[in-house]
Amino acid sequence: MTTKVILITGASDGIGAAAARALQADGHTVVLIGRSPTKTEAVASELHADSFLADFADLDQVRRLAAELKEQYPRIDVLANNAGGIFDQQRTVDGFERTLQINHLAPFLLTNLLMETLLASQASVVNTSSAAAKLFGNINIDDLSNDNNYSPNKAYGDAKLGNILFTKELHRRYHSQGLSAAAFHPGIVSTNFAHDTSSPMRIIYQSPLRRLMRMTSPEKGADTLVWLTEGIPGDDWESGEYYVKRKPAKTNAQASDAALAERHWNISAKMVGLD
Ligand SMILES: NC(=O)c1ccc[n+]([C@@H]2O[C@H](COP(=O)([O-])OP(=O)(O)OC[C@H]3O[C@@H](n4cnc5c(N)ncnc54)[C@H](OP(=O)(O)O)[C@@H]3O)[C@@H](O)[C@H]2O)c1
C-alpha cells in the first residue's frame, strides 16, 4: 500500500484519535489537528506525530491553521474533516450558529483554503457526517443558522446534511481536476460526543444509559474513515458518495438536490468570506 500524508481534524479524541492511531500503525504520515492543547499534545506525543491547534468556533484560527498547513505540507493526500459535535444555540465570534460553524463552515473554509495543495496532490477529502442528517436534517437555505426554527438536534442534523451537500458539490466542482470526496456515518460510537449540549443526545451518550445503546467503540467507529482514507477513489469507493459501514447508503432526500448543493456552497462561501 502506498503511504499517504493524512490530515485529520478532531484528532484529539474519539473517532479522529482512533483513526489516527490505525493509520499511523499502517505506516502513513498522520498530521493531527485538535482544539484542546492538552488532549492534542497527548495523542501527538503517543504517535510522534505533528500536531496543530485551532478552535473552529473562530474562523480566524481556521485561516491561520490553513496557512500553517499550506506552508508545511506541499503534498496532502487526504484531508479528513472529522471535528464536530452537537452544541447548544450560541453565536460564535464570527456571528454564526455554533453547531453550523464547527461542523460545516469551518471545514468548508479549511478545505477551500487548502484547495491548491489538494488539487496538486490529487487528494481525497473525507467528511465525517452522520445518520442525523437523515433523522433531523431539513435545511432552509435562507436560514442556515436556524434562527427561526432552532433545536440542537435540527442544527446538528442540518450541519451533517451540509457535510454531504459539501461532499457532492466538491465532487461536482473538482473531480474532473483530480480531487475526490466522500462522506460517511461512523455508527453510534461511544465517545465524548454530546458532552456539551442540552439535547437528549447528552443523556444517550454521556449517562449510564449509554450501556443500553450497544454503542460501538471508537476503533470500530473509525473503520469507514480509515477505509476511505486508505482506499483508491474509483476502485474502492466512488467520489461524491455517502457511506455507512463501507457501503454506499441512503440519506436525507435533500442530499440529492444538486441545485441545493450549489446554493449551499455559494451561501457558505459568502458567510466565510470566500466569494
Ligand atoms: N459518536 C457518534 O456516535 C457519532 C455519530 C455520527 C457522527 N459523529 C461525528 O463524528 C465526529 C467525531 O466525533 P466523536 O464522536 O469522535 O466525538 P468526540 O470524542 O467529542 O471528538 C470530537 C472531536 O472534535 C473536536 N472539536 C469539537 N469542537 C471543536 C472546535 N470548536 N474546534 C475544533 N475541534 C473541535 C474535539 O476536540 P476537543 O477534544 O478539544 O473537544 C474532538 O477532537 C464528529 O464530526 C461527530 O459529529 C459521531
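The following refers to the structure shown. The shown structure was predicted, so the numbers you read here are calculated from the model rather than taken from an experiment.

Calculation rules
- Residues numbered from 1 in each chain as written.
- Predicted model: local features only at pLDDT ≥ 70, side-chain atom pairs only at ≥ 80, totals over all residues.
- Buried ≥ 20, exposed ≤ 12 C-beta atoms within 10 Å, placed from the backbone.
- Helix = DSSP H or I, 4+ residues; strand = E, 2+ residues; numbered from the N terminus.
- Pairing = 2+ DSSP bridges.
- Right-handed = clockwise from strand over helix to strand, strands pointing away.
- Contact = placed C-beta atoms within 7 Å.
- Core = buried A, V, L, I, M, F, W, Y, C linked by C-beta atoms within 7 Å.
- Near = placed C-beta within 6 Å.
- Axes fitted to C-alpha atoms, helices over the stretch in contact; angles between N-to-C directions.
- Bend = angle between axes of the 7 residues up to and from the residue.

1. Focus on the pairing of strand β5 (residues 124–128)
At step 1: With five of its five residues buried, β5 lies for the most part within the structure.
At step 2: Of the two faces of β5, the one carrying Ser124, Val126 and Thr128 and the one carrying Val125 and Asn127 are both buried.
At step 3: The pairing of β5 with strand β6 (residues 180–185) spans five bridges and is classified as parallel. Looking at β6, one finds that Val126 is bridged to Ala182.

2. Re the pairing of strand β1 (residues 5–9)
At step 1: When you tally the buried positions in β1, you get four out of five residues, the bulk of the element.
At step 2: Here β1 runs beside strand β2 (residues 29–34); their pairing, made up of five bridges, is parallel. When the sheet's bridge partners are listed, Val5 is paired in β2 with Thr29.
At step 3: Crossover handedness for the path β1 to helix α1 (residues 14–25) to β2: right-handed.
At step 4: By the bridge criterion, three bridges tie β1 to strand β4 (residues 78–81) in an arrangement that is parallel. Looking across to β4, one finds that Ile8 is bridged to Ala80.

3. Here we look at the environment of Ser268
At step 1: Tracing the chain through its elements places Ser268 in helix α11 (residues 258–271).
At step 2: Sequence-wise, Ser268 and Phe108 are 160 residues apart; in three dimensions their C-alpha atoms are separated by 7.7 Å.
At step 3: Setting aside chain neighbours within four positions, we find Ser268 in contact with His104, Leu105 and Phe108.

4. Digging into the nonpolar core
At step 1: Among the nonpolar cores identified, the biggest contains 79 residues, and Ile8, Ala19, Ala20 and Leu32 are the most heavily contacted of them.
At step 2: The element that contributes the greatest number of residues to this core is helix α7 (residues 152–174), accounting for eight residues.
At step 3: Once residues lying within four places of it in the same chain are set aside, the contact partners of Leu32 are Ile8, Ala11, Ala20, Thr40, Val43, Ala44, Ala49 and Ser51.

5. Observations regarding the site of the ligand
At step 1: Around the ligand sit 27 residues, and of these Gly10, Gly14, Ser36, Phe56 and Gly84 come closest.
At step 2: It is α1 that provides the largest number of residues to the shell around the ligand, a total of three residues.

6. Brief notes about the sheet that holds strand β3 (residues 50–53)
At step 1: The strand order across the open sheet formed by eight strands is β3-β2-β1-β4-β5-β6-β7-β8, and the pairing between neighbours is mixed. A single partner strand is all that each edge strand has here, and the edge strands are β3 and β8 (247–248).
At step 2: Packed onto the sheet, α1 meets β1, β2, β4 and β5 and runs at close to 165 degrees relative to β1.

7. Observations concerning the environment of Asp235
At step 1: On the secondary structure map, Asp235 appears in the loop between α10 (223–230) and β7 (241–244).
At step 2: Counting along the chain gives 36 residues from Asp235 to Ser199, while the straight-line C-alpha distance between them is 40 Å.

8. Examining helix α4 (residues 98–113)
At step 1: If you look at α4, its biggest bend is around 35 degrees, right at Leu105, and the proline Pro107 turns up within four residues after that.
At step 2: Among the 16 residues that make up α4, 14 are buried, leaving the element largely enclosed by the rest of the structure.

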